[in-house]
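Coordinates in review
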Amino acid sequence: MRLLSAVAALALAALLVVALAQSGAPGKAGPRVRPALRVTGGLRSLYPGVRKRLPLVVWSNRGFRIRVVSLTVRVGNARRGCGRKYLRVGRFRRRLVVAPHGFRTVDLPVTMLPGAPDACKRATFPLRFTVRGRKA
Amino acid sequence: MKGICLLLSVGAALLLPGHGDAAWSVGRTGSGKIGSKTISTAAPAAPAGAVSSHDVTVTWTASHFADGTNVPSYIVKRYDAITNALQTTLSACSGNVGATSCVEHAVPTGTWKYTVTPAAGIWRGTESAKSANVVVLI
């Protein structure tokens, strides 16, 4: 009976390791796996006061449908005198399901504020995307 | 024995991915960039003015960003042709003009010169050369 209990405990531990590895949870110990979702995109034609659409592509590398539950864009400073405060990126609000090993496009409104100074001429704002998904 | 089997089943159901619909966070999952334009430093050609009574129609050619696309607006200025003093531009050439022509109404009698400056928000391009004299008679 003790042997069976030990085997059961070992099996549970193995399952836990597998689950953590496949969840892709950041900062957790375990084998490194590719995130299920990846986002790419950008834009290069802003000037003060203009409102454009930021085209993004959400890629899935999993073999099942994934519903995107959140997608956030973090804007970095372009350079000294041209901080991220001069850029506004809208929120992701729509329903989006990505097909197995597929991709979907989405665009978010982006505005360079009318008061963006000359330091923002020919500037590049770095973007960081964070996406959360759920099996559809 | 049954207890152990039950424990293993429950553990598998809870831990194996693909079961249930738990959301997962995947941290930073991509990067990109947003670039901005800049107005070409080349000065626009001098505008032209045409008088009709006390209305002056000012026209000019489009200016461009460095990437070749048109700038969205222009600032029109009027100078006294004799003293070079900057005047207050009147409607409908005041502020940011979103076209390549405008009609300034009720221009006072005098001899004037016009310039245009490309504008995008608070960005300004290079001011054009002054137009030929525009004479508004009594």
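Further up the page is the structure itself.
Here we summarise the structure given alongside this text. (Residues numbered from 1 in each chain as written. Chains lettered and ligands numbered in written order. Predicted model: local features only at pLDDT ≥ 70, side-chain atom pairs only at ≥ 80, totals over all residues. Heavy atoms only, no water.)

1. Structural notes on the nonpolar core
- One finds Val58 and Val68 of chain A together with Ile34 of chain B to be the most contacted residues of the largest nonpolar core, which totals 51 residues.
- Filtering out sequence-adjacent residues up to four positions away, Ile34 of chain B remains in contact with Leu43, Leu46, Leu54, Leu87, Val110, Ala123, Thr124, Phe125 and Leu127 of chain A. (Core = buried A, V, L, I, M, F, W, Y, C linked by side-chain atoms within 4.5 Å. Buried < 20%, exposed > 50% of the residue type's maximum accessible area, 1.4 Å probe, protein only. Contact = heavy atoms within 4.5 Å.)

2. Re the sheet that holds strand β2 (residues 48–52) of chain B
Residue and element names in this part refer to chain B.
- Strand order across the open sheet formed by three strands is β2-β3-β7, with antiparallel pairing between neighbours. Across the chains shown, the open sheet's two edge strands, defined by having one partner strand only, are β2 and β7 (101–104). Strand-to-strand twist across the sheet, computed as the mean angle between neighbouring axes with direction ignored, equals 20 degrees. (Pairing = 2+ DSSP bridges. Helix = DSSP H or I, 4+ residues; strand = E, 2+ residues; numbered from the N terminus. Axes fitted to C-alpha atoms, helices over the stretch in contact; angles between N-to-C directions.)

3. Section: the environment of Thr57 of chain B
All names here are of chain B.
- Considering the arrangement of structural elements, one finds Thr57 in strand β3 (residues 55–59).
- Using a relative accessible area of 32% as the deciding quantity, one classes Thr57 as partly exposed.
- For the pair Thr57 and Val135, spaced 78 residues apart in sequence, the C-alpha to C-alpha distance is 12 Å.
- Once residues within four sequence positions are removed from consideration, Thr57 is found in contact with Ala48, Gly49, Ala50, Cys102 and Val103.

4. Some points on the pattern of salt bridges
- Going through the model one piece at a time under the given rule, you end up with four salt bridges over all chains.
- For Asp107 of chain A, the salt bridge identified is with Arg53 of chain A, shortest N-O distance 3.0 Å. In this pair, Asp107 of chain A sits in strand β6 (residues 103–112) while Arg53 of chain A sits in strand β2 (residues 51–60), placing the two residues 54 residues apart along the sequence.
- The class of Arg53 of chain A is partly exposed, set by a relative accessible area of 42%.
- One salt bridge connects Lys37 of chain B with Asp67 of chain B, and the closest N-O pair in it is separated by 3.1 Å. Of this pair, Lys37 of chain B sits in the loop between β1 (24–36) and β2 while Asp67 of chain B sits in the loop between β3 and β4 (73–80); the two residues are 30 residues apart in sequence, bridging distant segments of the chain.
- On the accessibility criterion, Lys37 of chain B (8% relative accessible area) is buried.
- Look at Asp67 of chain B and you get partly exposed, because its relative accessible area is 44%. (Salt bridge = Lys/Arg side-chain N within 4 Å of Asp/Glu carboxyl O.)

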